[in-house]
Amino acid sequence: MLLEQKNSNDDLTKENTELKNELQVWEYFDGACYHFSTDKKNWTESIDACVTMGGHLVIINSQQEMDFLKDKTEHWIGLTDAQEEGTWRWVDNTPLTDPKFWAQGQPNNHKGYDPDGQHCAMIKRGEWHDRSCGYPYKIICETKSCRAGG
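We now turn to the structure provided with this report. (Residues numbered from 1 in each chain as written. Predicted model: local features only at pLDDT ≥ 70, side-chain atom pairs only at ≥ 80, totals over all residues. Heavy atoms only, no water.)

1. Focus: the pattern of salt bridges
Next up, step 1: A complete count under the given rule lists two salt bridges for this structure.
Next up, step 2: A salt bridge links Asp 39 to Lys 41, with the nearest nitrogen and oxygen atoms 3.3 Å apart.
Next up, step 3: On the accessibility criterion, Lys 41 (25% relative accessible area) is partly exposed.
Next up, step 4: Measuring nitrogen to oxygen at the nearest pair gives 3.7 Å for the salt bridge that ties Lys 100 to Asp 98.
Next up, step 5: Classification of Lys 100 as partly exposed rests on a relative accessible area of 48%. (Salt bridge = Lys/Arg side-chain N within 4 Å of Asp/Glu carboxyl O. Buried < 20%, exposed > 50% of the residue type's maximum accessible area, 1.4 Å probe, protein only.)

What follows is the structure in structure tokens.
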């Protein structure tokens, strides 16, 4: 009986620690919360990972938000032209209306790494680049709540 209680307590302590660690990786900025992953996933897996955490891949709406994210490098953002080449849309299906954050010469749909082209966007040194959606990068998730699970 004591051994069962100890194992139960150990499990609860481990779960509590995991939850605290998960909550600590969300950063608050200007009304939203951001999770910066340390592991890498392809773009589709990144969408799923963000949804599982109660959010979505980051949608960048302002210069201030971009300034907040500028030090993040090689992270997926929620922008794609997979549905129609050259028509960039956010994961909530809103169109990209201000392309000022693309790096010079981007997006270029370079087919050297992927014959299907580059249809997903990532942030690198404060600028956006198009990349093959199958390539693994870190993830930036966004949500309105800093509580895990939305």
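2. Section: the pairing of strand 2 (residues 32–36)
Next up, step 1: In terms of burial, strand 2 is a largely internal element, five of the five residues being buried.
Next up, step 2: Bridge analysis of strand 1 (residues 26–29) against strand 2 gives four bridges, and the strand direction is antiparallel. Each bridged residue has a counterpart across the sheet, and for Phe 29 the counterpart in strand 2 is Ala 32.
Next up, step 3: A loop of two residues connects strand 1 with strand 2, the two strands running antiparallel in sequence, and Asp 30 in this loop sits at a positive phi of about 50 degrees.
Next up, step 4: Note that strand 2 and strand 8 (residues 138–143) share four bridges and pair antiparallel. The partner of His 35 across the bridge, within strand 8, is Cys 141. (Helix = DSSP H or I, 4+ residues; strand = E, 2+ residues; numbered from the N terminus. Pairing = 2+ DSSP bridges.)

3. Examining helix 2 (residues 43–52)
Next up, step 1: Buried residues of helix 2: Trp 43, Ser 46, Ala 49 and Cys 50, and no others. An end-on view of helix 2 places all buried positions within 110 degrees of arc, on one side of the element. Facing away from the buried side of helix 2 by over 90 degrees, the exposed positions are Val 51 and Thr 52.
Next up, step 2: Buried residues belonging to helix 2 abut strand 3 (56–57), strand 4 (75–80), strand 6 (120–124) and strand 8. (Arc of directions from axis to C-beta. Contact = heavy atoms within 4.5 Å.)

4. A word on the pairing of strand 4
Next up, step 1: Counted residue by residue, strand 4 has six buried out of six residues, so it is predominantly covered.
Next up, step 2: Taking every second residue as pointing to the same face, both faces of strand 4 are buried, with His 75, Ile 77 and Leu 79 on one and Trp 76, Gly 78 and Thr 80 on the other.
Next up, step 3: Where strand 4 and strand 6 come together, three bridges link them in antiparallel fashion. Within the sheet, the bridge partner assigned to Trp 76 lies in strand 6 and is Met 122.
Next up, step 4: Of the pairings in the sheet, the one linking strand 4 to strand 8 comprises two bridges and is parallel in character. Within the sheet, the bridge partner assigned to Trp 76 lies in strand 8 and is Ile 139.
Next up, step 5: Summarising the sheet, strand 4 and strand 5 (residues 89–90) pair through two bridges and their orientation is antiparallel. Pairing of Thr 80 across the sheet is with Arg 89, part of strand 5.

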